[in-house]
Every structure is written in C-alpha cells, then in structure tokens.
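Chains, contacts and geometry: an overview
Residue-level listing of the chains:
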Amino acid sequence: MFNTTLALIHVFISIASCLAVFAYERSGKAQSDIRSAVYYALIMILFFPGVGLLIGLVILSAVRKGIKPGQGLLKDYEEYIAEKEGQLVYLKRLENTMQTVRREVSFEPFVDVIRGEDMRIKTRVIEKLSRAVSYESVQLLKFALADSSPEVRFYAAGALVKIENSINERIKMVSKEAGEHDLAKDHSALGDLYRFYAKTGLLEKTMSQRYLSLACAAYQKAVDIDTNQPDVIVRYAQTLIELKEYEKSRELLDRAAKLWPDNSEMCFMRSEVYFILGAYSRMSDMLSGVRRDEVNLRRKEVLEFWTAA
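Residues numbered from 1 in each chain as written. Predicted model: local features only at pLDDT ≥ 70, side-chain atom pairs only at ≥ 80, totals over all residues. Heavy atoms only, no water.

1. Section: the overall build of the protein
Rule in force here: A run of DSSP states H or I qualifies as a helix once it reaches four residues; a run of E qualifies as a strand once it reaches two. Both are numbered from the N-terminal end. Here the term buried applies to any residue with accessible area under 20% of the maximum for its type, exposed to any over 50%, and partly exposed to those in between, with areas from a 1.4 Å probe on protein chains only. Should any heavy atoms of two residues lie within 4.5 Å, those residues are considered in contact. In these tables, accessible area is a Shrake-Rupley quantity obtained with a 1.4 Å probe, and a residue counts as shielded only by the protein chains included in the view.
Looking only at helices and strands, the protein has 15 helices and zero strands in total. Within the protein, the fraction of its 309 residues that count as buried is 39%. Residue pairs at least 24 apart in sequence account for 55% of intrachain contacts in the protein once pairs closer than 6 positions are excluded. Counting only carbon and sulfur atoms, one obtains 57% of the accessible surface of the protein, whose full area is about 17600 Å².

This is the structure:
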C-alpha cells in the first residue's frame with residue numbers, strides 16, 4: 001500500500017512537471033541558455049523518484065540566478081562565466097551519467113541499485129562501468145567503494161583496477177609506437193592519453209600533475225615534428241593552463257595566432273589565458289574577428305559580452 005502511494009505521488013509529480021515545462025515553452029519566455037537545464041531537471045524528476053525532485057529543484061534554482069547588473073564589468077563577467085560554466089559542465093556530466101546508467105541497467109537509478117539488496121544487478125552495473133573508461137564511470141565506481149556490502153566494494157575496486165590497467169596498456173602501446181616511428185600523430189595521441197589519465201580521477205593530485213607534464217612533453221614533440229597542427233597546439237595550451245603555466249601558454253598561443261589568426265578555438269583559448277593574466281583590455285580585440293556562425297551558444301554569449309564591453 002505504501003509503495004503504491006509513493007508510485008502515485010511520483011506519477012502526479014511527473015505529470016505536473018511535464019505540464020509545467022509545456023506551459024513554459026508555450027509562454028514564449030523560454031530562454032535558450034537555460035532550456036537545456038529545464039529539460040535536465042525534468043529528466044531527473046521523471047527517472048529518479050524522490051531524490052530526482054530535490055535535484056531538479058536545485059538545478060532550476062541555480063539557473064534562475066543569472067547576471068547581477070551594476071557590479072562592474074569584471075565582476076559581472078566572472079560571475080556570469082563561472083555560473084554558466086559550472087552549470088554546463090555539471091549538466092553535461094549528469095546527462096552522460098544518466099545515459100550510461102539508463103542504457104546499462106534499464107532505467108534503474110544507480111544509487112538505488114547500490115543501496116538495494118539485489119547483488120546480481122549491483123555486480124552487473126559495476127561490470128558494465130568497468131568497460132566505460134571515463135571520468136563519470138570512475139566517480140560512480142568510487143561511490144560504490146563506500147557500499148555496505150563487502151562484495152560490492154570488492155567488485156568496485158576490481159573495476160577501478162581494470163580501468164586503470166586498460167589505460168596503462170594503451171599508454172604503453174602508443175608510447176612504443178611513438179618511440180619506433182617518431183611520428184607527430186603518435187606523440188599527439190600519447191599526449192592525449194596522458195592528459196586523459198590525469199583527468200579521470202584515478203590519480204592523486206601529484207601524480208595527476210606529473211601526467212599533465214608528460215602530456216605537455218608529448219605535445220611539444222608532436223609540434224616539433226609537424227608545426228601545422230593547430231588542434232594539437234590548442235590541447236597543449238589547455239594542458240599548460242591546467243598546470244597553471246599561464247605565461248608559457250600565452251607565449252605558445254601568441255606564436256600560433258600569427259599562423260592561424262582565424263582559428264576560433266585558438267582565439268578563445270588565447271583570450272582565456274589573457275583573462276587569467278588580467279589583461280582584460282585585450283579581450284575585445286582578440287574576439288572581434290571570430291565569426292559568430294562558427295561558435296556554439298555559450299561562446300556567442302561570451303562574444304556578445306566582450307564585444308559589447
């Protein structure tokens with residue numbers, strides 16, 4: 001009886017939420033920059049009974065804050081970008097995690113599975129996650145390490161080891177190819193692997209920094225062999241930023257900008273470095289040449305902010 005009541009409540013909340021989103025769309029007030037957040041909140045409510053409602057309300061509350069005017073250009077921009085970036089990164093990770101869980105456990109929420117008593121489903125989820133080498137799968141498996149069941153903890157620990165071993169095997173293979181053939185593509189691929197490993201959440205901070213440094217060294221070798229690699233230079237610059245080597249990143253991008261002045265990815269990366277270094281007066285000039293039809297919605301907002309400023 002109790003379960004039936006909870007199910008009816010969930011159905012009622014789900015229907016009400018769908019009607020609210022429909023009315024929001026019909027009102028003509030739907031803002032494109034928060035529409036995705038509204039739908040993510042709706043998905044949470046629909047597929048995660050109980051806790052989904054709370055998470056959905058938190059998401060909607062976060063995206064309603066917007067920009068507070070009259071507090072100075074720099075303060076407005078910092079608040080604006082920090083909030084937008086935080087929401088988009090969180091929502092993207094949430095979307096990826098939900099897609100993985102729904103695909104692998106037939107719409108059953110991972111947290112509910114872990115807290116439940118069905119060991120078969122728990123081990124099935126963990127086994128599937130061990131094949132999904134990503135930041136999200138690592139975080140979910142770390143969550144499973146705190147499970148009350150020794151068996152679940154054992155399987156989760158084994159899955160994390162399996163993921164780490166698969167990354168290391170791939171690094172070993174690509175490193176061997178780079179050493180034997182000394183091709184730019186092999187060194188750049190090795191840099192990507194080092195950087196990915198550093199960002200999976202498997203490593204402690206010190207080791208993560210070490211692998212980011214190894215990524216930089218690999219990218220440098222790739223660029224030394226073939227300078228015509230703007231995408232590699234962008235990833236190289238991103239890695240330098242992650243290591244907080246801002247001046248080195250700026251020098252790299254300043255040189256690259258002379259070769260590829262119309263590369264929008266490079267323009268944004270370069271403006272990010274100058275922003276970090278406090279050279280705000282250069283932002284407008286760097287972004288003024290970027291074509292708006294070549295960038296996504298978030299970057300259009302950044303362009304509008306700085307070109308208007």
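Now that the structure is up, let's keep going.
2. Here's the deal with the confidence of the model for the protein
Low pLDDT marks regions whose predicted coordinates should not be analysed in detail. Worth spelling out the cut-off: On a scale of 0 to 100, pLDDT captures the predictor's confidence in every residue.
In the predicted model, the protein carries a mean pLDDT of 76, and the fraction of residues at 70 or more is 64%. Counted against residues more than four places away or in other chains, residues 66–78, with its pLDDT under 50, gives 21 contacts. Contacts from residues 101–108, a stretch scored under 50 in pLDDT, to residues over four places away or in other chains number 17 contacts.

3. Here's the deal with the packing of aromatic side chains
Selection rule: Aromatic contacts are taken between Phe, Tyr and Trp rings whose centres are within 6.5 Å, Trp giving its six-membered ring; a plane angle under 30 degrees counts as stacked, one over 60 as edge-to-face, and the others as tilted.
Enumeration over the complete set of coordinates arrives at five aromatic pairs. When the ring of Tyr-194 is compared with that of Tyr-211, the centres are 5.8 Å apart and the planes differ by 55°; the resulting orientation is tilted. Pair noted here: Tyr-194 is in helix α9 (residues 184–199) and Tyr-211 is in helix α10 (residues 205–225), with a separation of 17 residues, a long-range link. Across this residue pair, the class does not change: Tyr-194 and Tyr-211 are buried. Judged by centre distance (4.8 Å) and plane angle (70°), the rings of Tyr-197 and Tyr-211 are edge-to-face.

4. Quick word on the environment of Met-286
For Met-286, the position within the fold is in helix α14 (residues 283–288). Sequence separation of Met-286 and Met-266 is 20 residues, and the distance between their C-alpha atoms is 9.9 Å.

5. Here's the deal with helix α15 (residues 297–308)
The condition that has to hold: Take the residue count of a helix, subtract one, and multiply by 1.5 Å to get its expected span.
In this model α15 runs 16 Å from its N-terminal to its C-terminal C-alpha over 12 residues, within 8% of the 16 Å that 1.5 Å per residue would give. Listing the buried residues of α15 in full gives Arg-299, Glu-301, Val-302, Leu-303, Phe-305 and Trp-306.

6. Quick word on the pattern of salt bridges
How we decide: Any carboxyl oxygen of Asp or Glu within 4 Å of a side-chain nitrogen of Lys or Arg constitutes a salt bridge here.
A complete count under the given rule lists nine salt bridges for this structure. Asp-186 is paired through a salt bridge with Lys-185; the nearest N and O atoms lie 3.3 Å apart. In this structure Lys-185 comes out as exposed when scored by relative accessible area, which is 54%. The salt bridge involving Lys-199 is made with Glu-242; its shortest N-O contact spans 3.3 Å. Of the two residues, Lys-199 is situated in helix α9 and Glu-242 in helix α11 (residues 230–242); the sequence distance between them amounts to 43 residues. Classification of Lys-199 as partly exposed rests on a relative accessible area of 43%. Overlapping salt bridges bring together Glu-247, Arg-250, Asp-254 and Arg-270 as one network.

7. Description of the environment of Arg-282
On the secondary structure map, Arg-282 appears in the loop between α13 (264–276) and α14. Taking the C-alpha atoms as reference, Arg-282 lies 7.7 Å from Ser-271; in sequence the two are 11 residues apart. The contact partners of Arg-282, leaving out residues within four places of it in the chain, are Arg-270 and Tyr-274.

8. A closer look at the packing of α11 against helix α12 (residues 246–259)
To be explicit about the condition: Each axis is a line fitted through C-alpha atoms, taken for helices only over the stretch in contact, and angles between the N-to-C directions span 0 to 180 degrees. An angle below 35 degrees is treated as roughly parallel, one above 145 as roughly antiparallel, one from 65 to 115 as roughly perpendicular, and anything else as oblique. In this scheme, a crossing is called left-handed if the near helix is turned counterclockwise away from the far one by less than a right angle; it is called right-handed if the turn is clockwise. Note on residue categories: nonpolar means Ala, Val, Leu, Ile, Met, Phe, Trp, Tyr, Cys or Pro, charged means Asp, Glu, Lys or Arg, and polar means any other residue, Gly included.
Relative orientation of the contacting elements α11 and α12 amounts to 160°, with a least axis distance of 8 Å. Looking at the two axes, α11 sits roughly antiparallel to α12. Crossing geometry of α11 relative to α12 is assigned as left-handed. Mapping the contact onto sequence places Ile-233, Tyr-236, Ala-237, Leu-240 and Ile-241 in α11 and Tyr-246, Lys-248, Ser-249, Leu-252, Leu-253 and Ala-256 in α12. Of the residues contributing to the contact of α11 with α12, the split by class is nine nonpolar, one polar and one charged.

9. Here's the deal with the side chain of Thr-239
Put simply, the test is: Side-chain atoms alone can form a polar contact between residues adjacent in sequence; in general such a contact is a pair of N or O atoms within 3.5 Å, and within protein one must be able to donate a hydrogen while the other accepts it.
As for its position among the elements, Thr-239 is in helix α11. A distance of 3.3 Å separates polar atoms of two side chains, one belonging to Thr-239 and the other to Arg-195. Dropping the residues within four chain positions of it, Thr-239 is found in contact with Arg-195, Leu-212, Ala-215, Cys-216 and Tyr-219.

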